[in-house]
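If you want the building blocks of each chain, they are given just below.
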There are 2 protein chains.
Amino acid sequence: MTGEFHPPARILMGPGPSNADPRVLLAMAKPMVGHLDPEFIRIMNNLQDLLRHIFGTKNPLTIPISGTGSAGMEAAFVNVVEPGDRVLVLINGVFGERMADVAERCGANLRTLAAPWGQAFDLEAIEKELCAFQPRVLAIVHAETSTGVLQPLEEFSDMMKKHPDTLLLVDTVTSLGGHPVKVDEWGIDVCYSGTQKCLSCPPGLAPITFSARAMEKIKNRAKKVQSWYLDMNMVGKYWGSDRTYHHTAPISMTYALLEALRIIGEEGLGPRHERHRRNHLALVNGISAMGLSMLVDEPYRLWSLNAVSIPPGIDDPRLRKKLLEEYNLEIGGGLGTLKGKIWRVGLMGYSSNETNVLYFLTALEQALREQGFEVPKGAGANAAKEVFIKAQ
Amino acid sequence: MTGEFHPPARILMGPGPSNADPRVLLAMAKPMVGHLDPEFIRIMNNLQDLLRHIFGTKNPLTIPISGTGSAGMEAAFVNVVEPGDRVLVLINGVFGERMADVAERCGANLRTLAAPWGQAFDLEAIEKELCAFQPRVLAIVHAETSTGVLQPLEEFSDMMKKHPDTLLLVDTVTSLGGHPVKVDEWGIDVCYSGTQKCLSCPPGLAPITFSARAMEKIKNRAKKVQSWYLDMNMVGKYWGSDRTYHHTAPISMTYALLEALRIIGEEGLGPRHERHRRNHLALVNGISAMGLSMLVDEPYRLWSLNAVSIPPGIDDPRLRKKLLEEYNLEIGGGLGTLKGKIWRVGLMGYSSNETNVLYFLTALEQALREQGFEVPKGAGANAAKEVFIKAQ
């Protein structure tokens, strides 16, 4: 028998989960109702309206998948990809690689286009590949959690209009709720996210939305969707007007997501994005003042996930262990080829605040100094504070 | 913007979710830690030990899948079934049908054996089919949530020994935590469940366990598992000693499940099963005294889910609506061919208690009388109470 568990009150500044607003945590303690209860159906309707708002879409099928962000990715691919379909996946990090793996498991005729990790894709290079390969699906990561790169999507809409048979599938796991995401305006056909990043809800659900074009492809499939659990032909009937039982919705997690989205509604999307931007800029100013550098170049930096290059000679695991154990502060290490080369510092949702920026920079200074890396005293926090003062 | 939501305090006596112990709901409000935090890894280890205990297994790969019970079903099939594998699915209700659908989507060479809904399978009939078809996987539902039938599995172990190339795959969604489940003793190779039934935890996770034989099949697959999200070759590394990142575990739901399993540990499996049996017997006694009958014959009745035949002339939706609106009481209707023919009355986990039995019988009496069905006054509750008194 195990004793009662008391998880420590970590400051979550890694690649996710971020900290949740206490209101969100408490929402899960509310009494459970059944998944076909009229009260739950009201909650589902509210939730869908709020999801459409943050996705920037009018798509009827806009729902949370009953799984984490990766289940969202899988739901996206298994529904719109049929065996033999040409799929072009853009890879500049771990999550592009994951997309390619998922697409292959769907039997896709896969082609990939690579960019160096830490860089965004050039529109021309993509268009060239689109013309040459004529894929049924083009898949791209908006916010690459493994590198901190933001892929601008504003100009995709025009490009996609020239390729009407290609569906645009986008991963917004680390951007939704922190950066603008405009599904309809940008011509996105399938867009998924996770709850534990900029939405600041515990992990366990994956918001997703499908355009009319995507729904048409799904309805006209020759072969059943390979995943029963994620088959939108059935899941859609539960979330649609039928309310047909498919699987039991995760009730308490749905409460949490609803509360997280209500909080976003209260703050407003514009101010929320601006807050993410401001805290990011303050962090970067602090990092520079400490003599450190960012992995990603200026216009492509995510506000929600900051990739800081680790200075030569620093023992990465030791430093992160110190932050965790002595400062109760979690940041992320690098993944894949960036392991040991970057720290991934999340400023997502509830975790994206002035206190966290200053606390992190102060803790980092101490931890670097312990390893003999000389940092001008207080330089990081002071430089960050300047940004906050200017913004007032 | 939506106003604050106040879900009503329903008494959940349907096919699931059941009510959760308030301790379980509050566990989700505890501070979140990261999914690779040493504290979370301790929680994972505790959770796995407790899961092995209730499954009755020593299987190392015994974990919660990051999805609901249906994701557990899908995880079971996609891992051990390869395209072309012969799979025999036994169908005597909705969840057997679902298994067949899932198996087909894995490319199985599928054969089904049917029994009437409301009846269990005869061992001889199964063995005959096993000999004739020689399947790689035999799949069966232990507790058929759509009919209230318990399939005895005690004698399966001897039968399976004669078919060493066949893996036994069992659905225990509605039995685990309410009825004895003995994975190792009964020779089960893959066994999955859900959290929202007799474990009395919110829906969102699916406990699952794989035997050494099942793991061997998975490791030696010629083709990748079609689901990236549920691929045990990768998920197993996160839950195993490697702790390799795969997807972000649903932290708060994991807290809830740990707390639910701790509560089961405190009660003890034996007393818990006995409680489920006693409350079921009391309910049945009350149902009989009211002149109603059970769908399922005596030795095959689930303790956790009671299928009560609806008397002729009763308006089913109207009756259930009255229970929900006037008594805050949820029971389930029939599914598929049993729609309108049975009520499904759950007595699962925290919801399986004397108060609920008496309250339900009293409410049912009122609701039946309203529709002109004459019930001897207080007969149901009195007959149930007799069982409780005798048991003291």
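Calculation rules
Residues numbered from 1 in each chain as written. Chains lettered and ligands numbered in written order. Predicted model: local features only at pLDDT ≥ 70, side-chain atom pairs only at ≥ 80, totals over all residues. Helix = DSSP H or I, 4+ residues; strand = E, 2+ residues; numbered from the N terminus. Rg over C-alpha atoms; globule rule 2.2 N^0.38 Å. Buried ≥ 20, exposed ≤ 12 C-beta atoms within 10 Å, placed from the backbone. Contact = placed C-beta atoms within 7 Å. Least-squares fit on C-alpha atoms with pLDDT ≥ 70 in both. Pairing = 2+ DSSP bridges. Axes fitted to C-alpha atoms, helices over the stretch in contact; angles between N-to-C directions. Domains from an automatic or database assignment. Nonpolar A, V, L, I, M, F, W, Y, C, P; charged D, E, K, R; others polar. Arc of directions from axis to C-beta. Core = buried A, V, L, I, M, F, W, Y, C linked by C-beta atoms within 7 Å. Expected span 1.5 Å × (residues − 1). Parallel < 35°, antiparallel > 145°, perpendicular 65-115°, else oblique. Left-handed = near helix turned anticlockwise from the far one by under 90°. pLDDT = per-residue confidence, 0-100.

**So, the overall build of chain A**
Phase 1: When helices and strands are tallied, chain A shows 13 helices and 14 strands.
Phase 2: Taken against the 2.2 N^0.38 rule, which gives 21 Å for 392 residues, the C-alpha radius of gyration of chain A at 21 Å falls within 12% of a compact globule.
Phase 3: Considering only C-alpha atoms, chain A reaches an extent of 65 × 55 × 45 Å along its principal axes.
Phase 4: Expressed as a percentage of its 392 residues, the buried residues of chain A come to 57%.
Phase 5: A sequence separation of at least 24 residues applies to 73% of the contacts in chain A between residues at least 6 apart.

**Observations concerning the relation of the copies chain A and chain B**
Phase 1: With an RMSD of 0.0 Å, the operation that places chain A on chain B is a rotation of 180° combined with a shift of 0.0 Å along the axis. Taken together, these values place the two copies in the relation of a two-fold axis. When each C-alpha of chain A is compared by its distance to the rotation axis, A:Gly67 comes out closest, at 2.6 Å.
Phase 2: When the interface residues of chain A are mapped onto chain B, 100% of them again fall at the interface, so both copies present the same face.

**Here's the deal with the sheet that holds strand 5 (residues 137–141) of chain A**
All names here are of chain A.
Phase 1: Pairing within the open sheet is mixed, and its seven strands lie in the order 2-10-9-8-5-3-4. For this open sheet the edge positions go to strand 2 (62–65) and strand 4 (109–114), each flanked by a neighbour on one side alone. Strand-to-strand, the axes of this sheet are offset by a mean angle of 20°, without reference to chain direction.
Phase 2: Each of strand 3 (86–91), strand 4 and strand 5 is contacted by helix 5 (residues 123–133), which is oriented at about 165° to strand 3, the strand it contacts most.

**Some points on the interface of chain A and chain B**
Phase 1: Taken together, the contact pairs 56 residues of chain A with 56 residues of chain B.
Phase 2: Counting residues per element, the ones that place at least two in the side of chain A that touches chain B are helix 1 (22–27), helix 2 (38–55), helix 3 (69–80), helix 4 (94–105) and helix 9 (251–267) of chain A.
Phase 3: Here the element with the most residues in the side of chain A that touches chain B is helix 9 of chain A; it accounts for six residues.

**Points about the domain arrangement of chain A**
Residue and element names in this part refer to chain A.
Phase 1: Considered domain by domain, chain A is made up of domain 1 (22–266) and domain 2 (269–391).
Phase 2: Taking only C-alpha atoms into account, the centre of domain 1 sits 29 Å from that of domain 2.
Phase 3: By residue class, the composition of the side of domain 1 that touches domain 2 is eleven nonpolar, eleven polar and one charged.

**Description of helix 8 (residues 232–239) of chain B**
Residue and element names in this part refer to chain B.
Phase 1: By the burial criterion, the buried members of helix 8 are Met232, Val235, Gly236 and Trp239. For helix 8, the arc enclosing every buried residue in end-on projection is 100°, short of the 170-degree limit, so these residues lie on one face.
Phase 2: Against the buried residues of helix 8 lie helix 2 (38–55), strand 2 (62–65), helix 3 (69–80), strand 10 (206–210) and helix 7 (212–219).

**Things to note about the nonpolar core**
Phase 1: Within the largest apolar cluster, 262 residues are counted, with the highest numbers of intra-cluster contacts made by A:Ala103, A:Ala139 and B:Ala103.
Phase 2: Not counting residues up to four positions away in its chain, the partners in contact with A:Ala139 are A:Val87, A:Leu88, A:Val89, A:Leu90, A:Met99, A:Ala103 and A:Leu169.

**Here's the deal with unusual backbone geometry**
Phase 1: Residues A:Gly16 and A:Pro17 are joined by a peptide bond in cis, for which omega reads 0°.
Phase 2: Positionally, A:Pro17 belongs in the loop between strand 1 (11–12) and helix 1.
Phase 3: Of note in this structure, A:Ser200 is not a glycine but carries a positive phi near 55°.
Phase 4: Classification of A:Ser200 as buried rests on a count of 27 C-beta atoms within 10 Å.
Phase 5: Here the phi dihedral of B:Asn328 falls at roughly 55°; this positive angle occurs in a residue that is not glycine.
Phase 6: Topologically, B:Asn328 is positioned in the loop between helix 11 (316–327) and strand 12 (329–330).

**Let's talk about helix 3 of chain B**
Residues and elements named next belong to chain B.
Phase 1: Taking 1.5 Å as the rise per residue, helix 3 with twelve residues should run 16 Å; its terminal C-alpha atoms sit 17 Å apart, in good agreement.
Phase 2: Taking burial as the measure, the twelve residues of helix 3 include twelve buried ones, the bulk of the element.
Phase 3: Three or more residues of helix 3 are buried, namely Gly69, Ser70, Ala71, Gly72, Met73, Glu74, Ala75, Ala76, Phe77, Val78, Asn79 and Val80.

**A few points about the packing of helix 12 (residues 354–370) of chain B against helix 13 (residues 379–391) of chain B**
All names here are of chain B.
Phase 1: Close contact between helix 12 and helix 13 brings their axes to 8 Å; oriented N to C, the two are set at 160°. Taken as axis vectors, helix 12 and helix 13 run roughly antiparallel relative to one another. Crossing of helix 12 over helix 13 shows right-handed handedness. Contacts between helix 12 and helix 13 involve Glu354, Val357, Leu358, Leu361, Thr362, Leu364 and Glu365 from the first element and Gly380, Ala381, Ala384, Lys385 and Phe388 from the second.
Phase 2: Along the lines of polarity and charge, the residues of the contact of helix 12 with helix 13 split into seven nonpolar, two polar and three charged.

**Description of the confidence of the model for chain A**
Phase 1: Per-residue confidence for chain A averages 97 on the pLDDT scale, and 99% of its residues sit at or above 70.
Phase 2: This complex was scored by the predictor with a pTM of 0.98 and an ipTM of 0.97.

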